[in-house]
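The chain contents come next:
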Amino acid sequence: MLSHPLKKENISLDVIKSALVLFPPNTEEAKCKDIDTVQAEMEILIGMCHGSDSNTFDILINKSEEMKHILPWANKICKLALTAPVSVATNERSFSKLRLIKNNLRSSIADDRLDSLMILSVEKDVVDQLDMNKIATLWATLKNRRINI
């Protein structure tokens, strides 16, 4: 939507809907039902920036901040564009971990166990804080075992 060159034609209702989904759930922005208003505000904002010397995102953001009282939804969409992640590093790390785990176990692993190992591997910082003795004791007391652990 806010890609270069900035054009009113790039702002369709589908694009606005997909942008609103990016807002955190349970916020006013995520619950927006008046998509036509958001689209109209974005078209007005881009129209205001179209007459400038250069059609850059910086000008759009500055104009959005100036007009935030008149065009609140356009300002929120511009702020969302500034805070959106520009990389997929987290996803790449997850797939990298999956590849390592699958290679080490030679693909002879069930899906449930693979899912559990992936969670443990990706969330290593949380796992490092767990008390393994307490977990082992709790597991041992869950049912009667042939051997006392």
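Quick notes on the rules
Position numbers for residues start from 1 in each chain and track the written sequence from start to end. Totals for whole chains, interfaces and linings use all residues, but because this is a predicted model, local features are given only for residues with pLDDT of at least 70 and pairs of side-chain atoms are given and counted only at 80 or more. In computing side-chain values, all of the structure's heavy atoms are included and hydrogens and water are not. Only residues whose relative accessible area exceeds 30% and that take part in no salt bridge are eligible for patches, with like-charged residues grouped when within 9 Å of each other and nonpolar side chains (Val, Leu, Ile, Met, Phe, Trp, Tyr) grouped when within 5 Å. Areas reported here follow the Shrake-Rupley algorithm with a probe of radius 1.4 Å; residue values treat only the protein chains shown as occluding. Here, a salt bridge means any side-chain nitrogen of Lys or Arg that lies within 4 Å of a carboxyl oxygen of Asp or Glu. Strands here mean DSSP runs of E at least two residues long; helices mean DSSP runs of H or I at least four residues long; both are numbered from the N terminus. Accessible area is worked out with a 1.4 Å probe on protein chains only. A residue is then buried under 20% of its type maximum, exposed over 50%, and partly exposed in between.

*Asks:* I tried to follow a nonpolar patch on the surface on my own but got confused; where do I start?
*Replies:* Taken together, the side chains of Leu130, Met132 and Ile135 make up a nonpolar region of the molecular surface, amounting to roughly 270 Å² of accessible area. When you line up the elements, Leu130 lands in the loop between α7 (124-127) and α8 (132-140). Leu130 gets classed as partly exposed once you look at its relative accessible area, which sits at 42%.

*Asks:* Sorry if this is basic, but what is going on with the pattern of salt bridges here?
*Replies:* Close approach of charged atoms lets side chains of opposite charge pair. One pass over the full model with this rule turns up four salt bridges. Between Lys68 and Glu65 there is a salt bridge, and its shortest N-O distance comes to 3.4 Å. The partner of Glu65 in a salt bridge is Lys79, with the nearest N and O atoms 3.8 Å apart. Taken as a pair, Glu65 in helix α3 (residues 57-66) and Lys79 in helix α4 (residues 72-83) lie far apart in primary sequence, 14 residues in all. The exposure class assigned to Lys79 is partly exposed, which follows from its relative accessible area of 42%. When salt bridges that share partners are traced, they join Glu65, Lys68 and Lys79 into one network.

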